[in-house]
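Chains, contacts and geometry: an overview
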Amino acid sequence: MSKIVKTQREASTGRFIQTNLGKAKASKFALVEGMSLNSDSRDLISRLERRGLKGDALRKEIMSSFATKQG
């Protein structure tokens, strides 16, 4: 059996269509690179997702939670 693979290309320019990576794909890439979330990070992401944050807003909140506070 052969594997059927379809790549998406834009009709007018022939360029590949870029789509966002989902949470499952991103975690698979992280495992390949040898990275894993600790329990604190996992809890933080779950808490932020329950608040309804997605995309850039979620990344911004994650970065700000790990930033050092200077006063």
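Note: the structure precedes this text.
Before going into details, it helps to say that this report is about the structure given with it. (Residues numbered from 1 in each chain as written. Predicted model: local features only at pLDDT ≥ 70, side-chain atom pairs only at ≥ 80, totals over all residues. Heavy atoms only, no water.)

Broken down by element type, the protein carries three helices and zero strands. Going from the N terminus to the C terminus, the protein shows its helices and strands as α-α-α. Looking at the protein as a whole, 10% of its 71 residues are labelled buried. By element, 54% of the accessible surface of the protein is carried by carbon and sulfur atoms, the whole surface being about 7100 Å². (Helix = DSSP H or I, 4+ residues; strand = E, 2+ residues; numbered from the N terminus. Buried < 20%, exposed > 50% of the residue type's maximum accessible area, 1.4 Å probe, protein only. Areas by Shrake-Rupley, 256 points an atom, 1.4 Å probe, with all protein chains shown as cover.)

Before going further, it helps to examine helix α2 (residues 39-50). Given a rise of 1.5 Å per residue, 12 residues ought to cover 16 Å, and the 16 Å separating the end C-alpha atoms of α2 matches this to within 8%. When we look at burial in α2, the residues that qualify are S41, L44, I45 and L48. Projection of α2 onto a plane perpendicular to its axis shows the buried side chains occupying an angular sector of 95 degrees, all on one side. Looking at the buried side of α2, the elements it contacts are α3 (55-66). Positive backbone phi, approximately 95 degrees, marks G52, located one or two places after α2. (Expected span 1.5 Å × (residues − 1). Arc of directions from axis to C-beta. Contact = heavy atoms within 4.5 Å.)

Turning our eyes to something else, we now look at the environment of S65. Of note, S65 is situated in helix α3. What makes S65 partly exposed here is its relative accessible area of 38%. C-alpha of S65 to C-alpha of S41: the two residues are 24 residues apart in sequence and 9.9 Å apart in space. Of the polar contacts made by the side chain of S65, one reaches the backbone oxygen of I62; its length is 2.7 Å. (Polar contact = N/O pair within 3.5 Å; in protein donor to acceptor, adjacent residues only side chain to side chain.)

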